[in-house]
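Spelled out from the first residue to the last, the chains are:
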Amino acid sequence: DMIEYLISNQGIGPDSRILDFGCGKGMYTVGIAKRTGCQFVGTDINPKYIEECEELAKTHGVSHQGEFLISHMTGPAAEIKNQTYTHIIVLGAMYYAHDNLKKFLDNLVSCCDKDTKIFIWDFVRNVEWEQCKEANRHLKRPYPILTKDNVLDHFKKADLDLVGFEDATKFIIR
């Protein structure tokens, strides 16, 4: 259960304020808000997803705890960047910024204070590009998937302290 994992692993509680970059249809954002009572902001570039997020939040009785905004990860709206959050989650969405990871991480860092916890789940590769061509074709990205070393280098340059990293390549490509 990813929601329970995020709550317990990241220490999300009723006093937390989370930002979900690339929230999609809001399943994780709403689930976390419902279980913890935390405040939230969810963002996605797709207006239809934002409508679905708002409906889901209403259905689960958490609309009053936050908002969903149309915004791109590499150019978030001012109302997102002008706030700080206790937790930022990016679940599968950073992949869509692989072509501009520096800008994405700069924007992410602008939403943090020294105590903000960031949880990112992403698809990176730890194998030769030839083995990933089919995955990239399926995901229809016009740019290559970054390697683990590329992503870790970007994190280091963004001055983010990486406290945990798990390579899941073995589960994706055999």
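The coordinates are above.
Note that the structure is predicted; figures quoted are calculated from it, not measured. (Residues numbered from 1 in each chain as written. Predicted model: local features only at pLDDT ≥ 70, side-chain atom pairs only at ≥ 80, totals over all residues. Heavy atoms only, no water.)

Colleague: Before we move on, can you summarise the packing of helix 1 (residues 2-10) against helix 2 (residues 27-36) with the specific residues and values?
Modeller: Across the interface, helix 1 lies against helix 2 with an axial gap of 9 Å and an inter-helix angle of 60 degrees. Taken together, the axis directions place helix 1 and helix 2 in an arrangement best described as oblique. As for how helix 1 packs across helix 2, the hand of that crossing is right-handed. From helix 1, Met 2, Ile 3, Glu 4, Leu 6 and Ile 7 reach across to helix 2, where they touch Met 27, Tyr 28, Gly 31, Ile 32, Arg 35 and Thr 36. The residue inventory of the contact of helix 1 with helix 2, partitioned by class, reads 7 nonpolar, 2 polar and 2 charged. (Axes fitted to C-alpha atoms, helices over the stretch in contact; angles between N-to-C directions. Helix = DSSP H or I, 4+ residues; strand = E, 2+ residues; numbered from the N terminus. Parallel < 35°, antiparallel > 145°, perpendicular 65-115°, else oblique. Left-handed = near helix turned anticlockwise from the far one by under 90°. Contact = heavy atoms within 4.5 Å. Nonpolar A, V, L, I, M, F, W, Y, C, P; charged D, E, K, R; others polar.)

Colleague: Please set out the sheet that holds strand 3 (residues 66-70) residue by residue, giving values where relevant.
Modeller: In any sheet, the strands associate via hydrogen bonds between backbone groups, in a parallel or an antiparallel arrangement. Here we have 5 strands laid out as an open sheet, ordered 3-2-1-4-5, and parallel in their pairing. Whereas interior strands pair on both sides, the edge strands pair on one side only; in this sheet they are strand 3 and strand 5 (117-121). Neighbour-to-neighbour, the strand axes of the sheet open up by a mean angle of 15 degrees, direction not taken into account. In the sheet, strand 1 (residues 17-21) pairs with strand 2 (residues 39-44) via 5 bridges, with the strands oriented parallel. Following the sheet pairing, Arg 17 is matched in strand 2 by Gln 39. Each of strand 4 (87-91) and strand 5 touches helix 1; the most contacted strand, strand 5, lies at about 145 degrees to it. Packed on one face of the sheet, helix 3 (residues 47-59) meets strand 2 and strand 3 and runs near 170 degrees to strand 3. (Pairing = 2+ DSSP bridges.)

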